[in-house]
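Fold and contact review
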Amino acid sequence: VTVTRTGCLSEFPRLIAVVLVIAVTSPASLACESLGACIAQYPETVVGGLGIGQAEGDLARRVQAYGPDAIPNLIRLLEHENAAVRQLAGYTIRDIDGLAPEHLEPLMRARENGDGWIPPAIARIGTQEAIEFLVDDLRKHPQTHTQVTYAFEILGANGAPFIAELFACTDDCNERVFDVVSFVLGELGEDALAVIPRLLEIAESDQFTLASRRYAIVGIGQIGSSAEPNVPGLLALRQTEPLLASAVDYTLLQIGSSEAVASLLQALRSDAKHVLLDISSLGENG
């Protein structure tokens, strides 16, 4: 309740009473007697718009408590005529236990129909088909901090090899995709260590575009300090491929290696302020 300066303060208690009546009698505030009763509340609980409201979130959690038993009902709601109901069903199924390969097809169909909450549910199924679908989704919609990038966090080491292959581009490459893949590798951290040899292969091969090779190197840096054992290989690549030198220098800095200092010192005269900040970010290694 908002009371403006021109509002009548004597009305305030009555407004509070009305709010309390609404809160107590709202179906969303009542506990479900059964799974069927919870599912029946979906059309009357949704409010639409962006995000999930408190009442919607509470209902979703109650349904999630039923685990696998709730999945068939939620899958049916994914095709409801009301878009807000479909959204809440997708939000509910995103974090539910018991998803299995037989649920993949309707989940993929819901995602293709625009359901933004579904990707983590697809990730929880975790089959090769599920992962390849998510890779294709990321390629089509390259954005950071989305349900798709969160889905790859759920997949962890299992999804890293698939997403790393997006750097292996030979023609008509989208650098925005490379940016997002680098972001995901950074979110995975140590879970992405196993893909570093493949990233180095891509960086060393002239069959891929120069942008692909540079971003593959940057992807190594995004993994962080745990990529330190690969510094000798990066230095060798810097020596043999001058066009990749700037990407290697950036990656050495991201890893936190003392080997980054030499190139930073060379850049001091042109950009002293930022270079000194970079050196200081290395701590003892700087």
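Small disclaimer: the values here were computed from a predicted structure and weren't measured.

Some remarks on the packing of helix α10 (residues 147-155) against helix α12 (residues 175-188)
The contact between α10 and α12 brings their axes to 9 Å, and the two run at 40°. As far as their axial angle goes, α12 and α10 are oblique. Like other packed secondary-structure pairs, α10 and α12 cross with a definite hand, here right-handed. Seen from α10, the contacting residues are Thr149, Phe152 and Glu153; seen from α12, they are Val180, Phe183, Val184, Glu187 and Leu188. Taken together, the residues of the contact of α10 with α12 sort by class into five nonpolar, one polar and two charged.

Looking at the nonpolar core
In this structure, Ile93 and Leu138 are the most contacted members of the largest nonpolar core, which totals 88 residues. Among the elements that take part in this core, α12 stands out by supplying eight residues, more than any other. Contacts of Leu138, omitting those with residues within four sequence positions, involve Val148, Phe152, Ile163, Leu166, Val177, Val180, Val181 and Val184.

Regarding the packing of aromatic side chains
Two measures describe an aromatic ring pair: the distance that separates the ring centres and the angle between the ring planes. The full count for this structure, using the stated rule, is three aromatic pairs. When the centroid spacing of 4.9 Å and the interplanar angle of 80° are considered together, the rings of Tyr91 and Trp117 count as edge-to-face. Of this pair, Tyr91 sits in helix α6 (residues 83-94) while Trp117 sits in the loop between α7 (104-112) and α8 (119-125), placing them 26 residues apart in sequence. The same class applies to Tyr91 as to Trp117, namely buried. Ring pairs connect the aromatic residues Phe167, Phe178 and Tyr215, which therefore count as one cluster.

Digging into the environment of Ile96
With respect to the helices and strands, Ile96 occurs in the loop between α6 and α7. The spacing of Ile96 and Gln64 is 32 residues in sequence and 5.3 Å in space, taken between C-alpha atoms. Among residues more than four places away in sequence, those in contact with Ile96 are Val63, Gln64, Gly67, Ala70, Ile71, Leu74 and Arg124.

Remarks on the confidence of the model for the protein
A residue-level look at the protein finds 89% of positions with pLDDT of 70 or above and a mean pLDDT of 88. Below pLDDT 50 for its whole length, residues 1-29 participates in 14 contacts with residues either more than four positions away or in separate chains.

Structural notes on the environment of Ile118
Mapped onto the fold, Ile118 is located in the loop between α7 and α8. Using a relative accessible area of 0% as the deciding quantity, one classes Ile118 as buried. Through-space distance from the C-alpha of Ile118 to that of Ala151 is 9.1 Å; in sequence the pair is 33 residues apart. Beyond its immediate sequence surroundings of up to four residues, Ile118 is in contact with Leu78, Gly90, Ile93, Leu107, Ala110 and Arg111.

Some thoughts on the pattern of salt bridges
The final tally for this structure, using the stated rule, is 12 salt bridges. Two residues, Arg139 and Asp136, come together in a salt bridge whose shortest N-O distance is 2.9 Å. One end of the pair, Arg139, and the other, Asp136, are both in helix α9 (residues 128-140), three residues apart, so they sit about a helical turn from each other. Relative accessible area serves as the criterion here: at 28%, Asp136 is assigned to the partly exposed category. With a closest N to O distance of 2.7 Å, Arg198 and Glu165 form a salt bridge. Taken together, the positions of Arg198 in helix α13 (residues 196-204) and Glu165 in the loop between α11 (160-164) and α12 put the pair 33 residues apart, joining distant regions of the chain.

What counts as what
- Residues numbered from 1 in each chain as written.
- Predicted model: local features only at pLDDT ≥ 70, side-chain atom pairs only at ≥ 80, totals over all residues.
- Heavy atoms only, no water.
- Axes fitted to C-alpha atoms, helices over the stretch in contact; angles between N-to-C directions.
- Helix = DSSP H or I, 4+ residues; strand = E, 2+ residues; numbered from the N terminus.
- Parallel < 35°, antiparallel > 145°, perpendicular 65-115°, else oblique.
- Left-handed = near helix turned anticlockwise from the far one by under 90°.
- Contact = heavy atoms within 4.5 Å.
- Nonpolar A, V, L, I, M, F, W, Y, C, P; charged D, E, K, R; others polar.
- Core = buried A, V, L, I, M, F, W, Y, C linked by side-chain atoms within 4.5 Å.
- Buried < 20%, exposed > 50% of the residue type's maximum accessible area, 1.4 Å probe, protein only.
- Phe/Tyr/Trp six-rings, centres within 6.5 Å; stacked < 30°, edge-to-face > 60°.
- pLDDT = per-residue confidence, 0-100.
- Salt bridge = Lys/Arg side-chain N within 4 Å of Asp/Glu carboxyl O.

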